[in-house]
Amino acid sequence: MEIELNDILKSAIYRQEPFMDQPFDFSEGDDTELYSSTGQLDSLSLLTIISDVEQQLFKVFGYKIKLATEQDLSFQNSPFNTFGKMLNFINEKIQLSLKNIDN
């Protein structure tokens, strides 16, 4: 699942490239800055990516998984600061949703 989630997230990010000043640079791997003061995303791009990922996860799982709250969208301590943090955060949300469905 983690490989598929990685692909889903990267695809959603790449779909934002036409709206960005320059192509995304993933040369830092999981440490690639996304949503931070030095990151490559602005808030509108981040929301679009989150929405895109939610739609893709709905196609995979068949139910909605809410990935973000207003609190998550702050630069400070955001789970979306880097690619790795965003990937881990989304994976945790999926695992929590799956656990809640099983109960």
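Residues numbered from 1 in each chain as written. Predicted model: local features only at pLDDT ≥ 70, side-chain atom pairs only at ≥ 80, totals over all residues. Heavy atoms only, no water.

Enquirer: It is not clear to me how the side chain of Ser-78 should be interpreted in this structure. Could you clarify?
Expert: In this structure, Ser-78 sits in the loop between α2 (43-61) and α3 (83-102). Within the structure, the side chain of Ser-78 is placed 3.1 Å from the backbone oxygen of Asp-72, a separation counted as a polar contact. Here the side chain of Ser-78 touches Phe-80 through a polar contact of 3.0 Å, landing on its backbone nitrogen. With sequence-adjacent residues up to four places away left out, Ser-78 is seen in contact with Tyr-35, Asp-72 and Lys-85. (Helix = DSSP H or I, 4+ residues; strand = E, 2+ residues; numbered from the N terminus. Polar contact = N/O pair within 3.5 Å; in protein donor to acceptor, adjacent residues only side chain to side chain. Contact = heavy atoms within 4.5 Å.)

Enquirer: Would you explain the packing of aromatic side chains in this entry?
Expert: Working definition: an aromatic ring pair is given by the centre-to-centre distance plus the angle between the planes. For the structure shown, the criterion picks out 5 aromatic pairs. Ring geometry for Phe-61 against Tyr-63: centres 6.0 Å apart, planes inclined by 45°, an arrangement best described as tilted. Aromatic side chains Phe-80 and Phe-89 sit 5.3 Å apart centroid to centroid with 80° between the ring planes, which places their arrangement in the edge-to-face category. Classification of Phe-80 by relative accessible area gives buried; the value is 0%. The lysine or arginine in question, Lys-10, covers the ring of Phe-26, its NZ or CZ lying 5.1 Å from the ring centre. (Phe/Tyr/Trp six-rings, centres within 6.5 Å; stacked < 30°, edge-to-face > 60°. Buried < 20%, exposed > 50% of the residue type's maximum accessible area, 1.4 Å probe, protein only. Lys NZ or Arg CZ within 6 Å of the ring centre and 35° of its normal.)

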